[in-house]
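# Coordinate analysis (summary)
Letter by letter, the chains look like this.
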2 protein chains.
Amino acid sequence: MANFELMRELARAEGGKIILLVMDGLGGLPRDSDHQTELEAANTPNMDQLAREGSVGLSIPIARGIAPGSGPAHLAMFGYDAIEHNVGRGVLSAFGVGVPVGEHDVAARGNFATVDASGIITDRRAGRISTEKAAERLELLKTIKIPGVEIELASEKEYRFVMAMRGDGLSPHVLDTDPQVTGKHPLSAEPGVPKARHTADLVNQWIAEAAKVLKGQEPANMVLMRGFASDPKLPKFQDVYKLNPACVAVYPMYKGVSQLVGMDIIATKSEDTPADEFRRVADVWSKYDFIFCHVKATDSRGEDGDFDAKVAVIETVDKALPTLLDLKPDVLIITGDHSTPATFKAHTWHPVPTLLYAPGTHMPDRAQSFGERECMGGALGQFYAVDLMPMALAHARRLEKYGA
Amino acid sequence: MANFELMRELARAEGGKIILLVMDGLGGLPRDSDHQTELEAANTPNMDQLAREGSVGLSIPIARGIAPGSGPAHLAMFGYDAIEHNVGRGVLSAFGVGVPVGEHDVAARGNFATVDASGIITDRRAGRISTEKAAERLELLKTIKIPGVEIELASEKEYRFVMAMRGDGLSPHVLDTDPQVTGKHPLSAEPGVPKARHTADLVNQWIAEAAKVLKGQEPANMVLMRGFASDPKLPKFQDVYKLNPACVAVYPMYKGVSQLVGMDIIATKSEDTPADEFRRVADVWSKYDFIFCHVKATDSRGEDGDFDAKVAVIETVDKALPTLLDLKPDVLIITGDHSTPATFKAHTWHPVPTLLYAPGTHMPDRAQSFGERECMGGALGQFYAVDLMPMALAHARRLEKYGA
């Protein structure tokens, strides 16, 4: 992670204003026809101009070879190490579906699974049941009441869902009930520390009820729970970086992660285009010195495997970019949280094209446009995403010199 | 930091001879007229030739985005992490102004500050009082005598100064008296460990006297002390790298840091030019297998904001370089401890051009000259300064193979 102790020591409350524009899953791979990636193929005169004038490089989201989810990838861009900061999977999943997790709440990931007549697991993913069918089963689970706690459930993709428990005296230190193999019974929820006994008991009661209401609902006739977690109480941007930050994002997950690190969440509408989002940035620009703006569709079209549609999203962003440029941010960073090449239809580990434009403080390099290959020889080199915030602060002249 | 355990295991006492030539603050940024940096604009036929034949790359002094002082930056080039090795700010500041700190001494940084009639801090930096005015106030402080200890004081820049205490039974474990905010009284110096009680008492006595002699000297009518530290007793080059090292430097700070890591200090004169320094390297070349040679003026001219003068210093170094080349070092590294772009008039975080010339062991790349942009695509890539020493030793064939 970014060295927070050092950041706390060196960060100044005064300095330039920063925009971090994240195109989710921006990085791509070349298509066969012309050997261009999505970003290279896109017509992006504005970003190309910024690349010619500023610094470019490649961001490594978590570690080389690691394809991250958007939760840990965003935490990394914000300077936080998801492992170091013990942000549990349950919390990240909950944010992913817009379920809030307070400091007294416990969230966990759930899988629908298949068990045989004797209760032995035969499929840990319920035949990868469709998202729609899983949502129907989730309605059954929502009928379960456990005295003393409120339970919120939300579908993720296919067989995955999220459960959040709210009540008094809950502890996140409950071990997984998923044995990770078929041919065994689900594990009973066990406390990882003595004070989690009560929570484990509640989880076991709920699972017992779940098994009852799912009886006969093959292939989804059981649930497996893992990644119990509560609010990780992350250090906040105000404290660590002395920034007054805001988030402009449409999807709940990104608002959730931003809230975790202390950002104000600017209201958006689900149908907002990148141009709409940029106008929202402009609307609140005078109030903040750091704005994170998130564009989701690059990732979605990459996941769809639709190369041309991803190119089109990038072009839409480029076309709307003058709205941000007109604000004259001291530092504008354009990057992605990870790569989602259309040829892969999935998140990958490939380092992500990154552009840093900070007139007067950036080091110009030889890049002539914004794209993967141009970024390879850029001034920023290849760097870990957790180093992005110190770089942003430095270029905004918001860091004191370290040592004499 | 460089992995000292590994270095101790792998370093051999035999092998090639190394020169580390450091041009302080070498890295720069482009000027408007021709978009060239200082190093790119300089006429450097010798270094360009070495760049064509050898390896180049960019050194990250401490961490991305961090603009270091020369103290921690030099420690990093020598393989030491200033944080990890707990080299206190007081010691680094003391070295910065040429105040020696022995293992029984304690040094601290001081700020002149402003307090109101009731002793509440109203300005932690005494209105950023000028260096000259601060020096006058320091003369008042020099009149203070505390029985049992000798006190040395030296001006840093503006409101900053250094205090070193020498006496029996001193401990560096004294907490800061700077509360870091205005609107409060200065803190009393408290011991961080019981045995530091005596030192804290002495510090409090001194501060009480300081308040008396500074009475009426607004805006500098109080002192705030922080970063108490003593000699960090760093592992020595002989022990870690099995090198017999020497330092040729003119400024006290660099001699001080070199002494901390076990280098012999070669006598120099304050008026020595780079050519003079190189001749001193030649004079002692037969006695050492590692010589660190430090040129200060690149940084000074960068701090002045004098682009052309910094270019001229680089050209002077290049012209004198044959004196070093004639020694036929097995490894010659030319780098800087950090960047000091003339356009910034200050240390910055930008990675520093680095050249490694080791015929027979270096990997030639495509660089055609020595400059920031050429270094971006070089064989050394972007690397952390703490990795420079392992690279130097490797190219000098002074490291055994690791593992079977």
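What follows deals with the relation of the copies chain B and chain A. Of the transformation placing chain B onto chain A, the axial shift is 0.2 Å and the rotation is 124°, giving an RMSD of 0.5 Å. Classification of the inter-copy transformation places it as that of a three-fold axis. If distances are taken from each C-alpha of chain B to the rotation axis, the shortest is found for Gly377(B), at 3.3 Å. Each copy contacts the other with its own distinct surface, as only 3% of the interface residues of chain B are interface residues in chain A too.

When pLDDT is averaged along chain A, the result is 95, and 99% of the positions lie at 70 or above. Overall fold confidence for the complex sits at a pTM of 0.86, while the interface term, ipTM, reaches 0.86.

Here the focus is the pattern of salt bridges. All names here are of chain A. Tallying each qualifying case throughout the model produces 43 salt bridges over all chains. With its nearest N and O atoms 3.8 Å apart, the salt bridge here joins glutamate 150 to arginine 166. Placement of glutamate 150 in strand 5 (residues 149-155) and of arginine 166 in strand 6 (residues 160-167) is noted, with a sequence separation of 16 residues between them. For glutamate 150, a relative accessible area of 49% gives the class partly exposed. Judged by its relative accessible area of 15%, arginine 166 is buried. Here arginine 301 ties to aspartate 304 by a salt bridge, and the two come within 2.8 Å at their closest N and O atoms. One end of the pair is arginine 301 and the other is aspartate 304, both in helix 11 (residues 297-304) and three residues apart, which spans about a single turn. Look at arginine 301 and you get partly exposed, because its relative accessible area is 27%. According to the relative accessible area criterion, aspartate 304 is partly exposed, its value standing at 45%.

All names here are of chain B. Where helix 3 (residues 45-53) contacts helix 12 (residues 307-320), the axes come no closer than 7 Å and their chain directions differ by 70°. Between helix 3 and helix 12, the angle falls in the class roughly perpendicular. Within the contact between the two elements, helix 3 uses Pro45, Asn46 and Met47 and helix 12 uses Ile314, Asp318 and Lys319. Here the residues of the contact of helix 3 with helix 12 are counted per class, giving three nonpolar, one polar and two charged.

Now for the packing of aromatic side chains. As enumerated under the stated definition, the model contains 18 aromatic pairs over all chains in all. Pairing Tyr80(B) with Phe237(B) gives two aromatic rings, centres 6.5 Å apart and planes at 10°, and the pair type is stacked. With Tyr80(B) in the loop between helix 4 (70-77) and helix 5 (89-96) and Phe237(B) in helix 8 (residues 237-240), this residue pair connects regions lying 157 residues apart in the sequence. For the pair formed by Tyr80(B) and Phe237(B), the shared burial category is buried. Ring pairs connect the aromatic residues Phe4(A), Phe78(A), Tyr80(A), Phe237(A), Tyr241(A), Phe290(A) and Phe292(A), which therefore count as one cluster. Positioned over the ring face of Trp285(A) is Lys17(A), at 4.5 Å from the centre of the ring.

Attention shifts here to the sheet that holds strand 10 (residues 290-295) of chain A. All names here are of chain A. Spatially, eight strands are ordered 9-8-10-1-11-12-2-13 in an open sheet, and the strand pairing comes out mixed. Each edge of the sheet is formed by a strand with only one pairing partner; in this case those strands are strand 9 (264-265) and strand 13 (381-384). Sheet topology places strand 11 (residues 331-335) next to strand 12 (residues 352-357); three bridges connect them, and they run antiparallel. In the strand pairing of strand 12, leucine 332 is matched with tyrosine 357.

Right, let's get into helix 6 (residues 131-141) of chain B. Residue and element names in this part refer to chain B. Of the residues making up helix 6, those classed as buried are Ala134, Arg137, Leu138 and Leu141. Take helix 6 and look down its axis: the buried residues cluster within an arc of 110°, on one side only. Opposite its buried face, helix 6 presents the exposed residues Glu132 and Glu136, each directed more than 90 degrees away. Of the surrounding secondary structure, the elements contacted by the buried residues of helix 6 are strand 3 (105-115), strand 5 (149-155), strand 6 (160-167), helix 7 (197-214) and strand 7 (222-229).

Within a beta sheet, neighbouring strands are joined by backbone hydrogen bonds and run either parallel or antiparallel to one another. All names here are of chain B. Spatial ordering of the open sheet is given by 9-8-10-1-11-12-2-13, a layout of eight strands whose pairing is mixed. Sheet topology places strand 9 (264-265) and strand 13 (381-384) at the edges, where each strand pairs with a single neighbour. Bridge count between strand 2 (residues 55-60) and strand 12 (residues 352-357): five bridges; the pairing is antiparallel. In the strand pairing of strand 12, glycine 57 is matched with threonine 354.

By size, the foremost hydrophobic cluster in this structure holds 157 residues, and its most contacted members are Phe78(A), Phe237(A), Phe78(B), Phe237(B), Ile334(B) and Phe370(B). Ignoring anything within four residues of it in the chain, the contact list for Ile334(B) reads Leu21(B), Met23(B), Met47(B), Leu50(B), Leu321(B), Pro353(B), Thr354(B), Leu355(B) and Phe370(B). Counting 40 residues, the second largest nonpolar core, distinct from the first, contains Leu39(A), Phe278(A), Tyr357(A) and Ala367(A).

This part covers the interface of chain B and chain A. Counting residues at the interface gives 31 residues for chain B and 31 residues for chain A. For the pair chain B and chain A, the summed buried area comes to about 2,400 Å², and 59% of that belongs to carbon and sulfur atoms. Counting every contact that joins chain B to chain A gives one salt bridge. The closest approach of N and O atoms between Arg366(A) and Glu374(B), which form a salt bridge, is 2.7 Å. Where chain B meets chain A, there are nine residue pairs in polar contact (both at pLDDT 80 or more). Listed by contribution, the elements that provide at least two residues to the side of chain B that touches chain A are helix 4, helix 5, helix 14 (372-375) and strand 13 of chain B. Along the lines of polarity and charge, the residues of the side of chain B that touches chain A split into 15 nonpolar, ten polar and six charged.

Rules used in this analysis
- Residues numbered from 1 in each chain as written.
- Chains lettered and ligands numbered in written order.
- Predicted model: local features only at pLDDT ≥ 70, side-chain atom pairs only at ≥ 80, totals over all residues.
- Heavy atoms only, no water.
- Least-squares fit on C-alpha atoms with pLDDT ≥ 70 in both.
- Contact = heavy atoms within 4.5 Å.
- pLDDT = per-residue confidence, 0-100.
- Salt bridge = Lys/Arg side-chain N within 4 Å of Asp/Glu carboxyl O.
- Helix = DSSP H or I, 4+ residues; strand = E, 2+ residues; numbered from the N terminus.
- Buried < 20%, exposed > 50% of the residue type's maximum accessible area, 1.4 Å probe, protein only.
- Axes fitted to C-alpha atoms, helices over the stretch in contact; angles between N-to-C directions.
- Parallel < 35°, antiparallel > 145°, perpendicular 65-115°, else oblique.
- Nonpolar A, V, L, I, M, F, W, Y, C, P; charged D, E, K, R; others polar.
- Phe/Tyr/Trp six-rings, centres within 6.5 Å; stacked < 30°, edge-to-face > 60°.
- Lys NZ or Arg CZ within 6 Å of the ring centre and 35° of its normal.
- Pairing = 2+ DSSP bridges.
- Arc of directions from axis to C-beta.
- Core = buried A, V, L, I, M, F, W, Y, C linked by side-chain atoms within 4.5 Å.
- Buried area = accessible area lost by both parts, 1.4 Å probe.
- Polar contact = N/O pair within 3.5 Å; in protein donor to acceptor, adjacent residues only side chain to side chain.

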